[in-house]
Amino acid sequence: MVEPNYITVDGNEAAARVAHRLSEVIAIYPITPASSMGELADAWSQSGMKNLWGVVPDVIEMQSEAGAAGTVHGALQAGALTTTFTASQGLLLMIPNLYKIAGELIPAVVHVAARSLATHALSIFGDHSDVMAARQTGMALLAAGSVQEAQDMSMIAHAATLRTRVPFLHFFDGFRTSSEVAKIEALADDTIRAMIDDRLVADHRLRALDPDQPVLRGTAQNPDVFFQAREAANPFYRAVPDIVQEEMDKLAELTGRSYHIFEYHGHPEAERVVVIMGSGAGTVRDTVDALAAAGEPVGVVEVHLYRPFDSERFVAALPASTRHIAVLDRTKEPGAPGEPLYLDTVTALFQEWSGDTMPKVIGGRYGLSSKEFTPPMVTAVFEELAAASPRRELTVGIFDDVTHTSVDYDAGAWHEPDSVTRAVFYGLGSDGTVGANKNTVKIIGEHTDLYAQGYFVYDSKKSGSTTVSHLRFSPTPIRSAYLVGEAGFVGVHHFGAFDKQDVLSVAGHGATLLINSPYDADGTWSQLPAEVQRTIIDKALEVWVVNGDFVASEAGLGNRINTVLQTCYFHLSGLLPPQEAVEAIKTAIAKTYGKRGEAVLRRNTAAVDASVAALHRLEVPAEVTSTREVPPVVPAHAPDFVQRVSARMMAGEGDLLPVSALPVDGTFPTGTTKWEKRSIAAEIPIWDPDICIDCARCALVCPHAAIRLKVVPEDALVDRPANFKDKLWKDRADPGRRAIIQVAPDDCTGCGVCVSICPAKSKTEVKHKSINMEPIAEHLEAERVNFDYFLSLPEHSRTTLKLETVKGSQLAEPLFEFSGACTGCGETPYLKLLSQQLGDRLLVANATGCSSIYGGNLPTTPWTTDAAGRGPAWANSLFEDNAEFGLGMRLAVDN
């Protein structure tokens, strides 16, 4: 047995490490969340990293997943060891080739970060709907449930496909496993070499197309022989389970890590058993351990080899005492009598159960689109099994008030062991919080004996949206595939988060709270809403404050506060001795940013050195002193749907919405970003009308429609606010009117593009322009009043404007506003301009990608309407077909 070598990686890297070592050709096309597997393989080959046989794999990026699958098929036919990585619709685009590869019995492995398929909506998050759509292709399906398993099952798949000639689809849960960072035992090259029989590789080569020994494949067959030929491959599939188990046993001999096709865990005489595959199995195991320790006869069967499904082995894995089974599927097949794993379980029991009474089986759905799946939910499933008449179909983790499939659960009925150190960090996309926390997990994994886990919850919007990092450290392996609920440490890296969601709900009693605050310790307390102060007092939180933005700015890091907050976390957590922590952080900085030059390294190390000195403890008063309450998520005059549905999602409470609240066909109202008011900018542009030359360029280039231009008669401004600014509009054809350049302070992202393009410079003040970035705190309240007033001023009719000019187009109301695009986005100004010129008669056929995420992502959408209710009508089909999709729209309109 090889001595363990521990590494800290995510699930994608764990799988890709094996795939790269065992491949000669890797054809890729990026798709979330599988992209990093291809990116890593490409980077390794670019750096000259060789495979097991001393050859650098050829990595080629194709024009689509369908193209990647075709390349894989061709390379396999020519005798190369070949792989690819994909997910979701990408896997579906590969299906025609997967049928061919399987039908031709070519050894291959496709690695899948399993993800939701686009149905009523797109989702980039994880479930099993994509792999279940591929289960009829003839690919063997092998499931991994953790980062460690993502590596090990990858190894088993590559070894088994060479022996069986059946191609494998190796999958693990998108995001929950693919992006989870964990400390695992790495496979050594000697172990990988011992798992692969070079004679089988040679056999694969000998079956390659070769003009010296020409053969014909891919024939067209008629009814006389097609059926028989389809059945001829049966022996190969029947051999797969035995061979996979043999490869699992071989890996156990080499590493000590034992796996089985079906793994039972729990009470030896369990009466109630859950059947599951993927990352949810770890959650069920944790729950089974707790319930069995309390005397409840429960257990779990984790499925690894799903196809071919070995009915005999499955039934043998169940205790003879089993009376009730709940099969939990992470997918939904509308109209089917049950989901795939449920149907296979029922079939296997019918075929193989030899006891007196066959167990009763119920089917359940959980975790679609990465919906949280926790031990209390598992407990509720076991309770349902114990009911006198358990329902035949159930869902868990939602409230189904339409078809009443959901089971109730007590979210507070679970406590993780005290031996597990837990921390949660709230940041903003692109502020570096996630990157720093990934480094933290790696530092702890590499510098201590603790096992480490990091899971990162992203909004599917781009930069500026909330990110939540969930970290665990434990002296024993971590199976918890669910979010941290009782954190001993909470870091709030954006002060405005206190007004947007309940960030302290995850804090355990007596936890440490670290706040990145623009105020000192006393000022921070007074600026916290009363509800937040009450929670701090009730939970006896220990509060520390650091002005991370100031420290980062002084070090030359701009808004990248990650280094500052990471240093403070290590200082407060005590996970490493202080000096060792500082050195570890600096080493991680060198690895992460070393290629960016000495200046970047110097700035980051300066931030590390300055961070602890800027950290101050806040003395928590005994009573609430704030008179400020958390503001409502949306104003009272927002539309009903926004009040009932969108606002709950904005507040991070979308999980609480019942089924009845949501549209049945994915149709949502437009014009909802105006209610979101993210307030993420540290600085906003402030207009100086005395210098302005009326060019309108600032409004033209604003990526978020947060800079607006209006020209109105002077008598329209009689009731203007005290701080409202306007100037004479220079237009000989329309004299005497007043121009206003106004910022939407809560919708601006602080990118500064408007300042960069402004040509009007002061002749008396250095670097002063007609529009300048200034701290938002100095202007927020006044500009809120000004912007509300600005919106009340009359809009120009598009029919009277010269929309082909810069000035004329910017006087038109934008019907694309306040998108969640990245700060300074280069695409959205064009969409905004399009909406100003054509928005009241526009149909949009949108490809999947950035434009569909900032354009059609929930909870809000930037496409909006004018006062008459007219505006762009938007729809998304797929990544590849927006031209054809749009052509269909055009033909329909013409017809």
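In this report, we go over the structure that sits alongside the text. Bear in mind the structure is a predicted one, so any value in this text is a computation, not a measurement.

Focus on the pairing of strand S21 (residues 542-546)
Step number 1: Burial of S21 is extensive: 4 of the 5 residues sit out of reach of the surface.
Step number 2: As defined by bridge partners, S21 adjoins strand S22 (residues 616-618) across 3 bridges and the pair is classed as antiparallel. Looking at S22, one finds that Val-545 is bridged to His-616.

Description of a nonpolar patch on the surface
Step number 1: There is a patch of nonpolar side chains on the surface, built from Ile-398, Val-402 and Val-659 and spanning about 200 Å² of accessible area.
Step number 2: Position of Val-402 relative to the elements: it lies in the loop between strand S15 (393-395) and strand S16 (421-428).

Some words on the sheet that holds strand S20 (residues 507-516)
Step number 1: Sheet architecture is open: 9 strands sit in the order S1-S8-S17-S18-S16-S19-S20-S21-S22, paired in mixed fashion. One side of each edge strand has no neighbouring strand; the edge strands of this open sheet are strand S1 (5-10) and S22. Strand-to-strand twist of the sheet, defined as the mean angle between neighbouring strand axes without regard to direction, takes the value 25 degrees.
Step number 2: As judged from the 8 bridges shared by S16 and strand S18 (residues 466-474), these two strands associate in the antiparallel manner. For Ala-423, the partnering residue across the bridge sits in S18 and is Leu-471.
Step number 3: Helix H15 (residues 433-447) rests against S1, strand S8 (181-186), S16, strand S17 (451-458) and S18 of the sheet, and its axis sits at about 5 degrees to S18.
Step number 4: Those strands touched by helix H20 (residues 562-573) are S16, S18, strand S19 (487-492), S20 and S21, and its axis lies near 145 degrees from that of S20.

Observations regarding the pattern of salt bridges
Step number 1: Within this structure, the stated rule accounts for 43 salt bridges.
Step number 2: Residue Arg-617 is joined to Glu-542 by a salt bridge in which the shortest nitrogen-to-oxygen separation is 3.8 Å. Pair noted here: Arg-617 is in strand S22 and Glu-542 is in strand S21, with a separation of 75 residues, a long-range link.
Step number 3: The exposure class assigned to Arg-617 is partly exposed, which follows from its relative accessible area of 44%.
Step number 4: The shortest N-O distance in the salt bridge between Asp-726 and Arg-738 comes to 2.7 Å.

Concerning the nonpolar core
Step number 1: Counting 99 residues, the largest nonpolar core has Leu-142, Met-155, Phe-168, Leu-169, Phe-171, Val-244 and Phe-314 as the members making the most contacts within it.
Step number 2: Among residues more than four places away in sequence, those in contact with Phe-314 are Phe-262, Val-275, Val-301, Phe-309, Thr-345 and Ala-348.
Step number 3: Ranked by size, the runner-up nonpolar core spans 41 residues in total, among them Trp-544, Ala-552, Tyr-593 and Ala-607.

Regarding the packing of helix H21 (residues 578-593) against helix H22 (residues 598-611)
Step number 1: The N-to-C vectors of H21 and H22 enclose an angle of 155 degrees; their axes lie 10 Å apart at closest approach. Classed by the angle they form, the pair H21 and H22 counts as roughly antiparallel. The handedness of the crossing between H21 and H22 comes out as right-handed. Of H22, the residues touching H21 (which contributes Val-582, Ile-585, Lys-586, Ile-589, Ala-590 and Tyr-593) are Val-600, Leu-601, Asn-604, Thr-605, Val-608 and Asp-609.
Step number 2: Among the residues forming the contact of H21 with H22, the class breakdown is 8 nonpolar, 2 polar and 2 charged.

Things to note about helix H13 (residues 340-352)
Three- or four-residue spacings in an α-helix give side chains the same orientation, since the helix completes a turn every 3.6 residues.
Step number 1: An ideal rise of 1.5 Å per residue puts 18 Å on 13 residues; H13 measures up with 18 Å between its terminal C-alpha atoms.
Step number 2: Taken together, the buried positions of H13 are Pro-340, Leu-341, Tyr-342, Asp-344, Thr-345, Ala-348 and Leu-349.

Looking at helix H4 (residues 88-103)
Step number 1: Compared with the 22 Å implied by 1.5 Å per residue over 16 residues, the 22 Å span of H4 between its first and last C-alpha is a close match.
Step number 2: Ile-95 marks where H4 bends most, by close to 50 degrees; the proline Pro-96 follows one to four residues later.
Step number 3: Within H4 the residues assigned to the buried category are Ser-88, Gln-89, Gly-90, Leu-91, Met-94, Ile-95, Asn-97, Leu-98, Ile-101 and Ala-102.
Step number 4: On the buried face of H4, the contacting elements are helix H3 (65-77), strand S4 (82-86), strand S5 (109-114), helix H5 (129-133), strand S7 (168-173) and helix H10 (234-255).

A few points about the environment of Ser-258
Step number 1: Considering the arrangement of structural elements, one finds Ser-258 in the loop between H10 and strand S9 (262-266).
Step number 2: Considering only alpha carbons, one finds Ser-258 and Leu-842, 584 residues apart in sequence, at a separation of 59 Å.

Comments concerning the packing of aromatic side chains
Step number 1: Counted according to the given criterion, the structure contains 21 aromatic pairs.
Step number 2: Ring centres of Phe-641 and Phe-668 lie 5.7 Å apart, and the angle between their planes is 80 degrees; on these two criteria the pair is classed as edge-to-face. Highlighted residues: Phe-641 in helix H23 (residues 640-650) and Phe-668 in the loop between H23 and strand S23 (683-687), separated in sequence by 27 residues.
Step number 3: Judged by its relative accessible area of 18%, Phe-641 falls in the buried class.
Step number 4: Under the relative-accessibility criterion, Phe-668 is labelled partly exposed at 28%.
Step number 5: An aromatic cluster of three or more residues is present, and its members are Phe-262, Tyr-306, Phe-309 and Phe-314.

Quick word on the side chain of Ser-129
Step number 1: When you line up the elements, Ser-129 lands in helix H5.
Step number 2: A relative accessible area of 15% places Ser-129 in the buried class.
Step number 3: The contacts of Ser-129, once residues within four sequence positions are left out, are Arg-115, Ser-116, Leu-117, Arg-330 and Thr-331.

A look at the side chain of Glu-372
Step number 1: Counting through the fold element by element, Glu-372 comes out in the loop between strand S14 (360-365) and helix H14 (375-386).
Step number 2: At 5.2 Å, Arg-176 is the nearest oppositely charged side chain to Glu-372, a buried residue that forms no salt bridge.
Step number 3: Only 2.6 Å separates the side chain of Glu-372 from the backbone nitrogen of Leu-483, close enough to count as a polar contact.
Step number 4: Beyond its immediate chain neighbours, meaning those up to four positions away, Glu-372 contacts Met-377, Tyr-482 and Leu-483.

Observations regarding the sheet that holds strand S13 (residues 324-329)
Step number 1: A sheet is described by the order of its strands in space; here 6 strands give the open sequence S9-S11-S10-S13-S14-S15, paired in mixed fashion. Looking at the sheet topology across the chains shown, the edges are occupied by S9 and S15. Across this sheet, the average inter-strand angle for adjacent strands is 25 degrees, counted without regard to direction.
Step number 2: Taken together, the 4 bridges between strand S10 (residues 272-276) and S13 define a ladder with parallel strand orientation. Bridged to Val-274 within S13 is Ala-326.
Step number 3: In the packing of H13 onto the sheet, contacts are made with S10, strand S11 (298-303), S13 and S14, and the angle to S13 comes to roughly 145 degrees.

Describing unusual backbone geometry
Step number 1: Cis geometry is found at the peptide bond from Thr-32 to Pro-33, where omega equals 0 degrees.
Step number 2: In this fold, Pro-33 is placed in the loop between strand S2 (25-28) and helix H2 (35-46).
Step number 3: For the peptide bond that leads from Arg-307 to Pro-308, omega is -10 degrees, which places it in the cis range.
Step number 4: The topology assignment puts Pro-308 in the loop between strand S12 (305-307) and helix H12 (311-317).
Step number 5: Even without being a glycine, Arg-165 presents a positive backbone phi close to 65 degrees.
Step number 6: Among the secondary structure elements, Arg-165 is positioned in the loop between helix H6 (147-164) and S7.
Step number 7: In this structure Arg-165 comes out as partly exposed when scored by relative accessible area, which is 23%.
Step number 8: For Ser-369, which is not glycine, the phi dihedral falls at a positive 55 degrees.

Side note on the packing of H15 against H21
Step number 1: One way to put it is that H15 packs onto H21 with a least axis distance of 10 Å and a crossing angle of 120 degrees. With respect to each other, H15 and H21 are oriented oblique. Judged by the sense of rotation from one axis to the other, the crossing of H15 with H21 is right-handed. Contact residues: H15 offers Asn-439, Ile-443, Glu-446 and His-447, while H21 offers Glu-580, Ala-584, Ile-585, Ala-588, Lys-591 and Thr-592.
Step number 2: Its residues assigned to classes, the contact of H15 with H21 comprises 4 nonpolar, 3 polar and 3 charged.

Conventions adopted
- Residues numbered from 1 in each chain as written.
- Predicted model: local features only at pLDDT ≥ 70, side-chain atom pairs only at ≥ 80, totals over all residues.
- Heavy atoms only, no water.
- Buried < 20%, exposed > 50% of the residue type's maximum accessible area, 1.4 Å probe, protein only.
- Helix = DSSP H or I, 4+ residues; strand = E, 2+ residues; numbered from the N terminus.
- Pairing = 2+ DSSP bridges.
- Patch = residues over 30% accessible without salt bridge, like charges linked within 9 Å, V, L, I, M, F, W, Y side chains within 5 Å.
- Areas by Shrake-Rupley, 256 points an atom, 1.4 Å probe, with all protein chains shown as cover.
- Salt bridge = Lys/Arg side-chain N within 4 Å of Asp/Glu carboxyl O.
- Axes fitted to C-alpha atoms, helices over the stretch in contact; angles between N-to-C directions.
- Contact = heavy atoms within 4.5 Å.
- Core = buried A, V, L, I, M, F, W, Y, C linked by side-chain atoms within 4.5 Å.
- Parallel < 35°, antiparallel > 145°, perpendicular 65-115°, else oblique.
- Left-handed = near helix turned anticlockwise from the far one by under 90°.
- Nonpolar A, V, L, I, M, F, W, Y, C, P; charged D, E, K, R; others polar.
- Expected span 1.5 Å × (residues − 1).
- Bend = angle between axes of the 7 residues up to and from the residue.
- Phe/Tyr/Trp six-rings, centres within 6.5 Å; stacked < 30°, edge-to-face > 60°.
- Lys, Arg positive; Asp, Glu negative; His and termini not counted.
- Polar contact = N/O pair within 3.5 Å; in protein donor to acceptor, adjacent residues only side chain to side chain.

That's the geometry; what it means functionally is another story.
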